[in-house]
Amino acid sequence: MGALSITGIKPGSTSLKLTAGKITKTVPITVLSRNLLSYGPAEGNGLTATVNTDGSLHVTGAATRQWAGIRWTFPCPVHGAVTLSRHTSIDGLTVSVKCLDAKGGQLGAQINTGNAGTIPAGTVSLRFEILANEATPTEKNGDLRIQLESGTTAHEWMRPDNTSLRGG
C-alpha cells in the first residue's frame, strides 16, 4: 500500500479533493505549524513575556538572579530528533527545552539552540525556558522568535499553534 504525504505552506484549514475513477471525495485538512513550542503570556522572577501579533514573544524586565526566568510546560508532541533554533535573540537571555517524565523529572540532556537534540522515549511533557545567563541580570526589552521542530535542520521561523499557554 502506498502513502500520501502533504506539506502545507502555512497553518490553517483547507481541504483536499481526491478522485479515483468516478468517485470524488473531499477531505478536510488542518495544516499545523512546524514549530512545536507552546507558550503565551508569562510573568515570573522579574521577567514578563507577552505575545506579539505575529506570534513572537516580547520579553521585558530584569531577572531576579542568574538562571532565573520564565517557563512553560506542555504535552510532548513528538519523540526523536529535534532542532531548537533562535531566529532573534536578546543579549543576556538563554533559551532551552527540557524533556520531562510523568513525575516531572528531567530525561536526558536539555536541548539548546543551535544543536540538534533528542526527545527520548518516556518523555511526557516539555518545559520551554527563558533564563537570564548574566551574573547580574540587566533590564531586557526585546522580541524572541524561537522554534523547536522535528529533524536536524532549522527552517524559517513559524508561529507556534498554541500562543495562549500561561507560563510563569
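Criteria and thresholds
- Residues numbered from 1 in each chain as written.
- Predicted model: local features only at pLDDT ≥ 70, side-chain atom pairs only at ≥ 80, totals over all residues.
- Heavy atoms only, no water.
- Pairing = 2+ DSSP bridges.
- Helix = DSSP H or I, 4+ residues; strand = E, 2+ residues; numbered from the N terminus.
- Axes fitted to C-alpha atoms, helices over the stretch in contact; angles between N-to-C directions.
- Buried < 20%, exposed > 50% of the residue type's maximum accessible area, 1.4 Å probe, protein only.
- Contact = heavy atoms within 4.5 Å.
- Phe/Tyr/Trp six-rings, centres within 6.5 Å; stacked < 30°, edge-to-face > 60°.
- Polar contact = N/O pair within 3.5 Å; in protein donor to acceptor, adjacent residues only side chain to side chain.

Here's the deal with the sheet that holds strand β12 (residues 140-144)
Here is step 1: Sheet architecture is open: four strands sit in the order β3-β4-β5-β12, paired in antiparallel fashion. Unpaired on one side and paired on the other, β3 (42-44) and β12 mark the two borders of the sheet. Pairs of neighbouring strands in the sheet enclose a mean axial angle of 10 degrees, with direction left out of account.

Thoughts on the side chain of Ser-56
Here is step 1: Relative to the helices and strands, Ser-56 is located in the loop between β4 (47-51) and β5 (57-61).
Here is step 2: Classification of Ser-56 as buried rests on a relative accessible area of 0%.
Here is step 3: Setting aside residues up to four positions removed in sequence, Ser-56 forms contacts with Tyr-39, Thr-50, Val-51, Leu-144, Arg-145 and Trp-157.

A few points about the packing of aromatic side chains
Here is step 1: What the rule picks out here adds up to three aromatic pairs.
Here is step 2: Relative to Phe-128, the ring of Trp-72 has its centre 5.3 Å away and its plane inclined at 20 degrees; by these criteria the two rings are stacked. Taken as a pair, Trp-72 in strand β6 (residues 69-75) and Phe-128 in strand β11 (residues 125-132) lie far apart in primary sequence, 56 residues in all. In terms of burial, Trp-72 and Phe-128 fall into one category: buried.

Description of the side chain of Lys-140
Here is step 1: Relative to the assigned elements, Lys-140 resides in strand β12.
Here is step 2: At a separation of 3.0 Å, a polar atom in the side chain of Lys-140 contacts the main-chain carbonyl oxygen of Asp-91.
Here is step 3: A polar contact is formed between the side chain of Lys-140 and the side chain of Thr-138, at a distance of 2.7 Å.
Here is step 4: Residues within four places of Lys-140 in sequence aside, it is in contact with Leu-47, Val-59, Thr-60, Gly-61, Ile-90, Asp-91, Gly-92, Leu-93 and Glu-134.

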